[in-house]
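Overview (structure and organization)
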Amino acid sequence: MPTTASPSTAPFSTPAAQHAPHATQRESWRQRSLMKLAALKAATPVTPLLELSLRGLGEARILIKDERAHASGSLKHRLAMSLFEQALLKDWLTPGGPVIEASSGSTAVSEAWLARRLGLEFIAVVPRGTAFYKQQAIRGEGGRVVEIEDSARLCQHAQALADDSGGHFINQFRHAATAGDWRSDGAGNWASDTSLPGECLAQIAARELPELQAVFLGAGTGGSAASFARHLRHKRHLHQGSHLHHGSHRARVIGVDPEHSVYHACWQHHRAHGTRTTRLPAPQASNPIEGIGRPCVLEAFDPAHFDDYRRIADARSQAAALWLAEHAGLEVGPSTGTAFAGLLESLALRRARGESLAGSWLLLACDHAERYATTLGDPAWRAAQQSRLAPQRAWIEAFGD
């Protein structure tokens, strides 16, 4: 059963008084931890780049970067590495002190995986109703789960736990956009680029695929979009005036948002007024597309990182995820379905306007469908949703003709 606790009553295995080792010991522990983390990063394999054939889209090459292949099972594996590296470099972590995160699931799973290998206690503060199998995965890596009713107060609750325990709130919502390695291998070496966007572009080039036209991303914190946008902008700057042909740096970043999220409205406001706003009405319904979309604009989300933004109906997101499982053998979660639906909508509009579909079009397979075994992976749930999803499935299937 899910664990529920308040900041003032949550039990901890190590009291705060024990979290203050001698400065020399702390520095020695920090350096050892950074070495362990560097070894884990070096051992991380390049994730596969898959191609999906859709005859109805003509020359378009649909590419899927399969981030499910990470050891912790999702795109958030990279974010966890970056957040822990940032926290260690800035000396925010304490040996023996817990690491605490506010998360709807996948980030916490990846951080629990990493904390276990660094010998750190981990606590995840999640909204009540977070998928049971995500919570199970956190506990499977030795983490604790604290469920709270008000998802808008995840960060406040996590900070209170950190204050009471002498631990550290790692706070993906604040640091996701800045912690990520978006430029290169850290030393400015483009030839050995280990960032997610650099890895994608290197794979496209190695396979001599057409130029990347756009990447479709759902935003939770906005970290992945920030990495792609900054990476592409930086390459664009480097290649200005060059006689060499570098087409992929002109690729666009297109956001996809669930129905009950404020990010699409925030992007529209930014496009109209040139400013970022947090004064938006909160959605009145819960968001069934876990991992992306938020009821309020988070600190790390920057609408300027997106060239375009699409709001996707929840039924279309879910139908798209099921279609990928049944027709492409890709068992993915609903956030991946949102990105796939956004890609299809964008290409359908281009086709209707008579524009070329030639080029590579990229989306990320964020996590595995097994984490949604009570919804997408449940035959009873699918049967109950059949009439709602059928029109969306028919719309998607038309692209395969």
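None of these values were measured; they are calculated from a predicted model.

1. Brief notes about the nonpolar core
Grouped together as the largest cluster of nonpolar side chains are 42 residues, with contacts concentrated most on Phe 228, Val 253, Phe 301, Phe 306 and Leu 362. With 36 residues, the next largest nonpolar core counts Leu 52, Ile 62, Trp 323 and Trp 361 among its residues.

2. What to know about the packing of helix α1 (residues 23-42) against helix α2 (residues 76-89)
Interhelical geometry of α1 versus α2 gives an angle of 155° and a closest axis separation of 10 Å. Judged on the interaxial angle alone, α2 and α1 are roughly antiparallel. Between α1 and α2 the crossing geometry is left-handed. Two secondary-structure elements touch here, α1 through Trp 29, Arg 30, Ser 33, Leu 34, Leu 37, Leu 40 and Lys 41 and α2 through Met 81, Phe 84, Glu 85, Leu 88 and Leu 89. Its residues assigned to classes, the contact of α1 with α2 shows eight nonpolar, one polar and three charged.

3. A short note on the environment of Ala 315
Considering the arrangement of structural elements, one finds Ala 315 in helix α10 (residues 314-328). Distance from Ala 315 to Thr 338, taken between C-alpha atoms, is 9.5 Å for residues 23 residues apart in sequence. Sequence-distant contacts of Ala 315, defined by excluding residues within four places in its chain, comprise Glu 259, Arg 388, Leu 389 and Gln 392.

4. Some details on the packing of aromatic side chains
Under the defined criterion, the tally for this structure stands at eight aromatic pairs. In textbook terms, an aromatic cluster arises when at least three aromatic residues are bridged by ring pairs, as seen for Tyr 263, Trp 267, Phe 301, Phe 306 and Tyr 309. The cationic tip of Arg 316 hangs over the ring face of Trp 395; the distance from NZ or CZ to the ring centre is 3.6 Å.

5. A look at the sheet that holds strand β1 (residues 49-52)
The six strands lie next to each other as β1-β2-β10-β7-β8-β9, forming an open sheet whose pairing is mixed. Since the sheet does not close on itself, it has two edges, and those belong to β1 and β9 (308-311), each with one partner. Each strand of the sheet is rotated relative to its neighbour by a mean of 25°, with strand direction disregarded. The sheet contact formed by β1 and strand β2 (residues 60-66) spans four bridges and is antiparallel. Looking at the pairing, Leu 49 lines up with Lys 65 of β2. Packed onto the sheet, helix α11 (residues 334-352) meets β1, β2, β7 (212-218), β8 (252-257), β9 and β10 (359-365) and runs at close to 160° relative to β10.

6. With respect to the pairing of strand β4 (residues 122-127)
Among the six residues that make up β4, six are buried, leaving the element largely enclosed by the rest of the structure. Covered by surrounding structure in β4 are Phe 122, Ala 124 and Val 126 together with Ile 123, Val 125 and Pro 127, the residues of both alternating faces. Each parallel crossover has a hand, and the one from strand β3 (residues 99-102) via helix α3 (residues 106-118) to β4 is right-handed. Here five bridges tie β4 to strand β5 (residues 144-148), and the two strands are oriented parallel to one another. When the bridges of β5 are listed, Pro 127 appears paired with Ile 148. Assessed by its sense of winding, the connection that carries the chain from β4 through helix α4 (residues 132-140) to β5 is right-handed.

7. Remarks on the side chain of Ser 72
Here Ser 72 shows up in the loop between β2 and α2. When its relative accessible area of 6% is taken as the criterion, Ser 72 is described as buried. Leaving out residues up to four positions away in the same chain, Ser 72 has contacts with His 77, Val 109, Ser 110, Trp 113 and Arg 371.

8. Re the pairing of β8
Of all the six residues making up β8, five are buried; the element is thus mostly covered by neighbouring parts of the structure. Of the strand pairs in this sheet, β7 and β8 are connected by five bridges, and their pairing is parallel. Within the sheet, the bridge partner assigned to Leu 217 lies in β8 and is Gly 255. Across four bridges, β8 lies against β9 in parallel orientation. Its bridge partner lying in β9, Val 256 is registered against Arg 310. Chirality of the crossover, the property in question, places the unit of β8, helix α9 (residues 263-273) and β9 among those that are right-handed.

9. Structural notes on the confidence of the model for the protein
For the protein, per-residue confidence averages 87 on the pLDDT scale, and 88% of positions sit at 70 or higher. Residue range residues 1-18 is modelled with pLDDT below 50. Its contacts to residues more than four positions away, or to other chains, number 40 contacts. Below a pLDDT of 50 lies the segment residues 182-192, which in the model reaches 23 contacts outside its immediate sequence neighbourhood of four places, other chains included.

10. Brief notes about the pattern of salt bridges
Taken as a whole and assessed by the stated rule, the structure comprises 20 salt bridges. Its salt-bridge partner being Arg 310, residue Glu 345 comes within 3.0 Å of it at the nearest N-O pair. Taken as a pair, Glu 345 in helix α11 and Arg 310 in strand β9 lie far apart in primary sequence, 35 residues in all. In this structure, Glu 345 and Arg 310 share a single accessibility class: buried.

11. Quick look at the sheet that holds β5
Spatially, the four strands line up as an open sheet ordered β5-β4-β3-β6, and their pairing is parallel. One side of each edge strand has no neighbouring strand; the edge strands of this open sheet are β5 and β6 (168-169). With four bridges connecting them, β3 and β4 associate as parallel partners. Each bridged residue has a counterpart across the sheet, and for Ile 100 the counterpart in β4 is Ile 123.

Definitions and limits used
- Residues numbered from 1 in each chain as written.
- Predicted model: local features only at pLDDT ≥ 70, side-chain atom pairs only at ≥ 80, totals over all residues.
- Heavy atoms only, no water.
- Core = buried A, V, L, I, M, F, W, Y, C linked by side-chain atoms within 4.5 Å.
- Buried < 20%, exposed > 50% of the residue type's maximum accessible area, 1.4 Å probe, protein only.
- Axes fitted to C-alpha atoms, helices over the stretch in contact; angles between N-to-C directions.
- Helix = DSSP H or I, 4+ residues; strand = E, 2+ residues; numbered from the N terminus.
- Parallel < 35°, antiparallel > 145°, perpendicular 65-115°, else oblique.
- Left-handed = near helix turned anticlockwise from the far one by under 90°.
- Contact = heavy atoms within 4.5 Å.
- Nonpolar A, V, L, I, M, F, W, Y, C, P; charged D, E, K, R; others polar.
- Phe/Tyr/Trp six-rings, centres within 6.5 Å; stacked < 30°, edge-to-face > 60°.
- Lys NZ or Arg CZ within 6 Å of the ring centre and 35° of its normal.
- Pairing = 2+ DSSP bridges.
- Right-handed = clockwise from strand over helix to strand, strands pointing away.
- pLDDT = per-residue confidence, 0-100.
- Salt bridge = Lys/Arg side-chain N within 4 Å of Asp/Glu carboxyl O.

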